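Commentary on secondary and tertiary structure
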Amino acid sequence: MKKKGFTLHLLTSAVLVSCLTSTSVLADDASAPMSPLMKQLNNGNWLPQQEAQSLSEELYYQDAIHAYIQTLPLLNTIGLRDGSEAAFGKGYNVLPVWKERMDSRAVVPTPNGDVIYSMSYLDLKETGPLVIKAPANVIGMFTDFFQKTITDVGAIGPDRARGGLYLLLPPDYEGPVPQGYFTFKSPTYNVFLFFRTIMGKGDGKPDPTPAVKNAETTRIYPLWNVEKEVKPMQFPDASGKRVNMMYPTDVTYWKKLKDFIDYEPLTAIPDDTRSALLSIGMVKGKPFTPNEKQQALLKKAVETAPRMLLARRQLGRDDQRQLYYKDRQWENSWAGATAEWMQYGTLDENQRAAFFQIAYSSAAAMVMHTTGAGSKYPYAARDKDGKFLDGSNTYKLHLPPNPPAALFWAVTAYNITDGTMPETDQLLPSTNGYYNIPKNSDGSIDLWFGPSKPDGVADSAFIKTVANRNFLVALRLYGTEDSFYDQTWVPDDLIQTNK
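Residues numbered from 1 in each chain as written. Predicted model: local features only at pLDDT ≥ 70, side-chain atom pairs only at ≥ 80, totals over all residues. Heavy atoms only, no water.

**Focus: the nonpolar core**
- Formed by 71 residues in total, the largest nonpolar core has its most connected members in Tyr-68, Trp-98, Met-119 and Trp-254.
- Here the element with the most residues in this core is helix H3 (residues 49–88); it accounts for 13 residues.
- Of the residues that make up this core, three or more belong to each of domain 1 (89–244) and domain 2 (317–496).
- Contacts of Trp-254, omitting those with residues within four sequence positions, involve Ala-64, Ala-67, Tyr-68, Ile-280, Met-282, Phe-288, Leu-298, Ala-301 and Val-302.
- In this structure, Tyr-325, Ile-437, Phe-462 and Leu-475 belong to the second largest nonpolar core, which totals 30 residues. (Core = buried A, V, L, I, M, F, W, Y, C linked by side-chain atoms within 4.5 Å. Buried < 20%, exposed > 50% of the residue type's maximum accessible area, 1.4 Å probe, protein only. Helix = DSSP H or I, 4+ residues; strand = E, 2+ residues; numbered from the N terminus. Domains from an automatic or database assignment. Contact = heavy atoms within 4.5 Å.)

Structure representation (structure tokens):
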């Protein structure tokens, strides 16, 4: 028995030695079978430690870039709110109104100085359901803080420009909903209220008085409060105030983002955005503690991502969908997408981020082909020859007769980087159809842009630019009419006249 067992032991050992020897030979054999991925990834072995560390850091940086692109619409709104509340106060009853129009002293992305702005920031977590009495004939919207439209207000909204009572519900509201309201549930506790009221035509210029009076008929109050508990409305005059309402350009971007995530319900953050944030270690309710290297990468991302977006805007799209016309330089900020940034049924997050780098608010009324009710915003960053507009030069813009705008039209110059107004001694770099702009014999008009007004040009036909700084020109058409959609009315390109 012992001999037999000993013999078996010897045989087993021999087989084991043979297997080990065979495995060793295979491991050292360069011709051993490997999958394509094994060949690509270091012949099936771990990477050198330094390379692994470098690549991991590069991926974290790219994740941070993606997180920035995903969240810029949100930080855009947070910047508006924080700047406004610091200057004018906070509360559901506080509605700042730019009673003498918004000018270049307000650091805001693409502000419109040709209507009267009313903007406030509601917190449904703090107040519960809120009722907003909207004025008649307002051009407005409520959006969540990712700037997804909750509803249009006005001609495209359910009140159809008659005004009415809107009821906004918090995202987690499960109580009774009374009848008689235009009722909407917000995806976020924080809600952006953005109303624009239309000025009257004064003596050769616009008159803001009726628009301000209309804006101040707005009323906001908690649904369940009785009259004696409702705070009286405050309408601080925001005109002429120096106020910075831009989103952060440094690492405070990430802190403000984390504060918002922790304040809102989990579902307020879209799934794809939560995924992007998870990749950089930002999770609701958990500490965000990037290490020293990650902090440097987050700083780099918030400095580089804006340059990437600017580069995309500068170079344009390969498919040229951003161009309104086949033979003009005028561009569409949505590039043919819906107000929700859907291209061919798919979210175009890069186009969305490029928009929110220089603008805010996207609503159906701005995109849909609504005759006599919506609004359109073609803009030009290049002249007729395809060169970028330069504030050192003088340009002429010819607009054919009868601009297709049932309400009014306006033209404004903006800085290209963030959509703010260039500040010169002409605080409002804009003109509009309310002015008595000299007309040509056929009813067309010529507008001029440059560092100084050409001889013989009326003040109302001139917009001052900043020398050695690029700018863009936006054409606003409120109450857009069919001749814009079928392109029987087409604005000329800007022409440089000081060549």
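**Structural notes on the sheet that holds strand E11 (residues 219–222)**
- Spatially, E7-E6-E3-E11 is the arrangement adopted by the 4 strands of the open sheet, whose pairing is mixed. The two strands at the open ends of the sheet, each matched to only one other strand, are strand E7 (182–185) and E11. Neighbour-to-neighbour, the strand axes of this sheet turn through a mean angle of 20°, independent of strand direction.
- Judged from the 4 bridges that link them, strand E3 (residues 130–134) and E11 form a sheet pairing that is antiparallel. Residue pairing for E11: Leu-130 is matched across the bridge by Pro-222. (Pairing = 2+ DSSP bridges. Axes fitted to C-alpha atoms, helices over the stretch in contact; angles between N-to-C directions.)

**Notes on the UniProt feature "domain: DUF1254" (unreviewed entry) in the protein chain**
- In the numbering used here, UniProt assigns the feature "domain: DUF1254" (unreviewed entry) to residues 93–222.
- For the annotated span residues 93–222, helix accounts for 8% and strand for 40% of the residues, and the straight-line distance between the end C-alpha atoms is 10 Å. (UniProt positions renumbered as here; feature names shortened; annotations may be inferred.)

**Structural notes on the UniProt feature "domain: DUF1214" (unreviewed entry) in the protein chain**
- UniProt annotation of "domain: DUF1214" (unreviewed entry) refers to residues 376–481 when read in the numbering used here.
- Regarding residues 376–481, the helix share stands at 0% and the strand share at 39%, and the terminal C-alpha atoms are separated by 10 Å.

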